[in-house]
Amino acid sequence: MGHEAPAFALLEQSEQAANAVVRSLLPAHAPLGAAAQARLGLAELPGHVDRLAPGMVYAVACAEQAVRVPLVAGALAASLRTGKPCALVTPAAPGILLRKARLAGFALQGPLKAGELTICQVAAEAPKHLFRLGVQSLISQLERHIPARNALVVIDEADALFLIADPRAAAEAAARYAEWANARGHSVLALFAPAPEAAREYLTLRRLGESFAGFALARPAAGGALFEVRHWFGDEGASAREDFELRLAGTRPHMRRAEPLRRLEEPLTPVDSVICVRGALAASVPSWQCWEEVDSIAQAVDAARRSEAATLVLPFERPNDYEALAHAVSEVRSLERASLRVVVRERALRLRSSQTLALLRLGASSVIPLEVPDAAVKRMTDALQGTRFARPYDHDLRQIEEETIGLLRARTFNRASFCDAVERLLAAADGFDVESCLVGLDGDDVEPWRILAMARRQAREFVAFAENRQAWFYWVGCRAAALPQVLKRMNVGLRFEVHGEPRGVLCALDRLRQA
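Residues numbered from 1 in each chain as written. Predicted model: local features only at pLDDT ≥ 70, side-chain atom pairs only at ≥ 80, totals over all residues. Heavy atoms only, no water.

### As for the sheet that holds strand 20 (residues 495-499)
This is how it is decided: The rule for pairing is simple: two strands pair if DSSP sees at least two bridges between them. Helix numbering and strand numbering both begin at the N terminus, where a helix is a DSSP run of H or I of at least 4 residues and a strand a DSSP run of E of at least 2. Convention adopted: a line fitted to C-alpha atoms gives each axis, helices being fitted over their contacting stretch, and angles between N-to-C directions are expressed from 0 to 180 degrees. Contact definition: two residues touch when any of their heavy atoms are within 4.5 Å.
A sheet is described by the order of its strands in space; here four strands give the open sequence 18-19-17-20, paired in antiparallel fashion. Two strands close off the open sheet at either side, each with one partner strand: strand 18 (462-467) and strand 20. Each strand axis lies, on average, 15 degrees off the axis of its neighbour in the sheet, ignoring direction. Where strand 17 (residues 436-442) lies against strand 20, five bridges are found, and the strand directions are antiparallel. Residue Val439 lies in a different strand from strand 20, and its bridge partner there is Val498. Across the sheet, helix 18 (residues 502-514) is in contact with strand 17, strand 18, strand 19 (470-476) and strand 20; its angle to strand 20 comes to roughly 130 degrees.

Okay, here's the thing in structure tokens:
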């Protein structure tokens, strides 16, 4: 690996020049090859996703180190093989990171010694200086150690370097990195590791993602990972939302060449059945040759354990059914069989929006509304046959309910806790079609506590707080267009403002915090 260069200052002219920010290892570089190309290194992805465009910034959110490190190493290894000079910026100790990459099947020591790869370690105290001096100071120092133009720059654990803790500073930092990438022709791949409990930081990242050339989520799954593209503008075209099922499959540690992540290609079992709880449909379907009807949700889960490929159709008929449904979906997903699908069909009652969200996050394939007739349910179930469940899902039932249903059970919020609760609900619903809206009510003639009392008599799925003749509500499952009818039922004539889009909600929360 060679010797580390001595630590140097964030800014040469700064009085705090003794504070180390970046240490560079072997900053020599290989010449740009004719076919050099920045790549993700994800095998069998379409070219417009795998190949990164020069002058653009791409972001991947991945909290799991066991997935993130192979993604980092795979992108570097694939790009280096094309002759692309590469640089890695990381807060981790380079030696440890290289050993982890080697154990994952990616040997990067050779390119590092040959000068094709540069590794820059970010010092622990760098983020606090970046808030004061700006990211341009870091960019200036990086330019002394990475290739001058047309390189792949991978930033691992980029949260602190993009100042994600402060939405305004993060937006400014993202703009500076984008300008730098465009001016130098670099392809920048930033991997973020947002903490599960840090809803505000994740939402800030999602807002930044709109300005990046690409944004995706990577999460662990059975035997590998799920790569969920939200949007992607690669070197060969654009890609809308897509999900890819990947397997972490590097080579043995003693082999130099590393295989990238591979897409799962396990064949589906030829027998694909339907397991239906009695009452979910009015009658059996003659076209379903492999049909099994059971008496309860628990029996349906038992039947799923014996099946390699099946669609479970489970009814929601009574309020107490939700708990059984949640455990059933969680148990089916714990079997780690992508050929098992779970459909929840509302029968006599509707699920609350928070319950629907929790079931989808646990891994339900779909929740069919009450008004959908049997014929349409049958067609939707037929459409699932022969497919694999490839959407990211969560394993921790208790945590999911705390992030959704549990927040809505709370009765009392102050300004800070209300903003935190709304951000957590927004983060929990990210990626799912759950319409919600933030509403601010203002009136001189109605006391705030009376507004809250009236709201609780009309609806349940909301969080709220009131002070100084104002009341704020976040209604889950309520469209902004439906709000006038809700207020009419409350029988209040107040001035109000409504925010239905996540961006508008977050801006309103920022103003509310500062008020």
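### With respect to helix 6 (residues 135-142)
Convention followed: For each residue, the accessible area found with a 1.4 Å probe, counting protein chains only, is set against the maximum for its type, and the residue is called buried under 20%, exposed over 50%, and partly exposed in between.
With respect to burial, helix 6 is a largely interior element, six of its eight residues being buried. Of all the residues in helix 6, the buried ones are Val135, Ser137, Leu138, Ile139, Gln141 and Leu142.

### Looking at the nonpolar core
One recurring pattern in soluble globular proteins is that nonpolar side chains are buried together. Applicable threshold: Take the buried Ala, Val, Leu, Ile, Met, Phe, Trp, Tyr and Cys residues and link them wherever side-chain atoms come within 4.5 Å; each set so joined is a nonpolar core.
The biggest cluster of nonpolar side chains holds 64 residues, and the ones touching the most others in it are Ile155, Phe162, Tyr177, Phe418 and Tyr474. At nine residues, helix 15 (residues 415-429) tops the list of elements feeding residues into this core. The contacts of Phe418, once residues within four sequence positions are left out, are Phe413, Leu438, Val463, Ala464, Phe465, Trp472, Phe473, Tyr474, Leu509 and Leu512. The next biggest cluster of nonpolar side chains, apart from the first, holds 42 residues, and it includes Ala77, Phe106, Ala213 and Ala225.

### Section: the packing of helix 2 (residues 65-81) against helix 3 (residues 94-103)
What counts is decided by this rule: Any angle that falls under 35 degrees is termed roughly parallel, while one over 145 is termed roughly antiparallel, one within 65 to 115 roughly perpendicular, and all others oblique. Note that Gly is not counted as nonpolar here; it falls among the polar residues with everything else outside the nonpolar set of Ala, Val, Leu, Ile, Met, Phe, Trp, Tyr, Cys and Pro and the charged set of Asp, Glu, Lys and Arg.
Where helix 2 contacts helix 3, the two axes come as close as 9 Å, and the packing angle between them is 90 degrees. As far as their axial angle goes, helix 3 and helix 2 are roughly perpendicular. Of helix 3, the residues touching helix 2 (which contributes Gln65, Val69 and Ala73) are Leu97, Lys100 and Ala101. Of the residues assigned to the contact of helix 2 with helix 3, the class counts are four nonpolar, one polar and one charged.

### Observations regarding the side chain of Glu423
Locating Glu423 in the fold gives a position in helix 15. Residue classification places Glu423 among the buried residues on the basis of a relative accessible area of 3%. Look past the residues within four positions of Glu423 in its chain and what remains in contact with it is Ala199, Arg200, Leu203, Leu506, Leu509 and Arg513.

### Looking at the packing of aromatic side chains
Quick reminder of the rule: Aromatic rings from Phe, Tyr and Trp, taking only the six-membered ring of Trp, are treated as a pair when their centres fall within 6.5 Å; an angle between ring planes under 30 degrees marks them as stacked, one over 60 as edge-to-face, and anything in between as tilted.
A full pass over the atoms with the stated rule returns 10 aromatic pairs. With centroids separated by 5.5 Å and ring planes inclined at 65 degrees, the aromatic side chains of Phe462 and Phe473 adopt a geometry described as edge-to-face. Remark: Phe473 occurs in strand 19 and Phe462 occurs in strand 18; sequence separation between them is 11 residues. The pair formed by Phe462 and Phe473 is uniform in burial state, with each residue classed as buried.

### Some details on the pattern of salt bridges
Note the threshold: In what follows, salt bridge is the name for a side-chain nitrogen of Lys or Arg lying within 4 Å of a carboxyl oxygen of Asp or Glu.
Under the counting rule described, the total for this entry stands at 31 salt bridges. Across the pair Arg306 and Glu292 runs a salt bridge, and its minimum N-O distance is 3.5 Å. Taken together, the residues Arg306 in the loop between helix 9 (297-305) and strand 14 (310-316) and Glu292 in strand 13 (residues 291-294) connect sequence positions 14 residues apart. Across the pair Arg350 and Glu371 runs a salt bridge, and its minimum N-O distance is 2.9 Å. Taken as a pair, Arg350 in the loop between strand 15 (340-346) and helix 11 (353-362) and Glu371 in the loop between strand 16 (366-368) and helix 12 (374-384) lie far apart in primary sequence, 21 residues in all. Glu371 gets classed as exposed once you look at its relative accessible area, which sits at 54%. Via salt bridges that share partners, Arg200, Arg207, Asp420, Glu423, Asp510 and Arg513 belong to a single interconnected network.

Note that every value here comes from positions in space, so none of it alone points to a role or purpose.
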